[in-house]
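Given next are the chains, with one letter for each unit.
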Amino acid sequence: HVIFESSSRNKASTSLRKKMKKNPDAFLRYDSSDPKLVRCIPGNYCDIAEPTGVTAYAIMGPDGYPLVMKEGPNPKCNLILATLFEGSAAQYQNTVFVNVFNSIYIERIRLGIHVAQAVFGLTSTFINIFCDDDSCFIQDLEPEVELHE
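Below, the structure is looked at part by part. (Residues numbered from 1 in each chain as written. Predicted model: local features only at pLDDT ≥ 70, side-chain atom pairs only at ≥ 80, totals over all residues. Heavy atoms only, no water.)

1. Here's the deal with the packing of helix α1 (residues 5-22) against helix α2 (residues 77-91)
Following both chains from N to C, one finds α1 and α2 inclined at 95°, their axes separated by 8 Å at the closest point. The angle between α1 and α2 places the two elements in the roughly perpendicular class. On the side of α1, the interface is formed by E5, S8, R9, K11, A12 and L16, while α2 contributes L79, I80, T83, L84, E86 and G87. (Axes fitted to C-alpha atoms, helices over the stretch in contact; angles between N-to-C directions. Helix = DSSP H or I, 4+ residues; strand = E, 2+ residues; numbered from the N terminus. Parallel < 35°, antiparallel > 145°, perpendicular 65-115°, else oblique. Contact = heavy atoms within 4.5 Å.)

Listed below in C-alpha cells is the structure:
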C-alpha cells in the first residue's frame, strides 16, 4: 500500500478542518508569533522558517505545551503523521504499527502518535524502533531493548 506524502498532507488539512467545525472548543488558536508554541519538537526546533501573523491551530501536547498541528494553510509533520496512522487504522482492523525511523525522529514520531490519539481517537498499538549509527532500540518498552543485526 503506497501513500504519497502530498496526499497525506492534503487529507490532514481537510480532516482537521472538519474536526474543528464539529468541535471548535477542542482546538486552540494562537497567533503564529506566540513564543509558547511548539511546532515540530519541544524547543521550537524546526527545519523551516515559520510564517508570522497567521493563525496557528494547536492542541495541548503530551508535556503540557501548545502543539501546533497547522499554521495558516500548512499542516505540520505531527498532523500529517497522525493522518497517515488514522487512515491506515481505518483501512485495516486491529492495526499494530511498527515504525522504523532514524533516532533523530523520536520526538516527531511521539508527537504524531499523540495527535493521532488526541485528535483522531486512535487506540492502536505502536512499536517504535529507532536506529542511529550503530544500534537500534525499541522505544517505550521496559527495560529498553537493544536490537542487533
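2. Some details on the layout of surface pockets
Looking at the second largest pocket, its volume works out to about 210 Å³. The wall of the second largest pocket is formed by S15, K18, K19, K22, N23, A26, F27, I59, A118, V119 and F120. When contributions to the lining of the second largest pocket are tallied by element, the ones reaching two or more residues are α1 and α3 (106-120). When residues in the lining of the second largest pocket are grouped by element, the largest group, 4 residues, is from α1. Counted by class, the lining of the second largest pocket contains 6 nonpolar, 2 polar and 3 charged residues. (1 Å grid on protein atoms, 1.4 Å probe; cavity = no way out; pocket = protein on both sides within 12 Å on 5 of 7 lines; lining within 4 Å. Points joined across faces, edges and corners; volume = space filled by probe spheres on them. Nonpolar A, V, L, I, M, F, W, Y, C, P; charged D, E, K, R; others polar.)

3. A closer look at the pairing of strand β6 (residues 125-131)
With 5 of 7 residues buried, β6 is to be regarded as a mostly interior element. Pairing analysis gives 7 bridges linking strand β5 (residues 96-102) to β6, with the strands arranged parallel. What sits directly across from V98, in β6, is I127. As judged from the 4 bridges shared by β6 and strand β7 (residues 136-139), these two strands associate in the antiparallel manner. For I129, the partnering residue across the bridge sits in β7 and is I138. Connecting the antiparallel pair β6 and β7 is a turn made up of 4 residues. (Buried < 20%, exposed > 50% of the residue type's maximum accessible area, 1.4 Å probe, protein only. Pairing = 2+ DSSP bridges.)

4. So, a nonpolar patch on the surface
A surface patch of nonpolar side chains, amounting to about 330 Å² of accessible area, comprises V96, V98, V100 and I127. A total of 3 residues in the nonpolar patch trace back to one element, the largest contributor, which is β5. Relative to the elements of secondary structure, I127 occurs in strand β6. (Patch = residues over 30% accessible without salt bridge, like charges linked within 9 Å, V, L, I, M, F, W, Y side chains within 5 Å. Areas by Shrake-Rupley, 256 points an atom, 1.4 Å probe, with all protein chains shown as cover. Salt bridge = Lys/Arg side-chain N within 4 Å of Asp/Glu carboxyl O.)

5. Brief notes about the nonpolar core
Among the nonpolar cores identified, the biggest contains 28 residues, and M69, F85 and V115 are the most heavily contacted of them. Those elements giving two or more residues to this core turn out to be α1, β2 (55-60), β3 (66-71), α2, α3 and β6. Residue contributions to this core peak at 7 residues, all from α3. With sequence-adjacent residues up to four places away left out, F85 is seen in contact with F97, N99, G112, I113, A116, L122 and F126. The next biggest cluster of nonpolar side chains, apart from the first, holds 5 residues, and it includes Y30, L37, A56 and A58. (Core = buried A, V, L, I, M, F, W, Y, C linked by side-chain atoms within 4.5 Å.)

6. Some details on the pairing of β2
Pairing analysis gives 4 bridges linking strand β1 (residues 28-31) to β2, with the strands arranged antiparallel. When the sheet's bridge partners are listed, Y30 is paired in β2 with A56. If you look at the hairpin formed by β2 and β3, you'll find 5 residues sitting between the two strands, and G64 has a positive phi there, around 85°.

7. Observations regarding the packing of α2 against α3
Direction vectors running N to C along α2 and α3 enclose 60°, while the axes themselves pass 7 Å from each other. In terms of their interaxial angle, α2 and α3 are classed as oblique. Seen along the crossing, α2 lies across α3 with a hand that is right-handed. Side by side, α2 and α3 meet where C77, N78, L79, L81, A82, T83, F85 and E86 of the first sit next to R108, I109, L111, G112, I113, V115, A116 and F120 of the second. (Left-handed = near helix turned anticlockwise from the far one by under 90°.)

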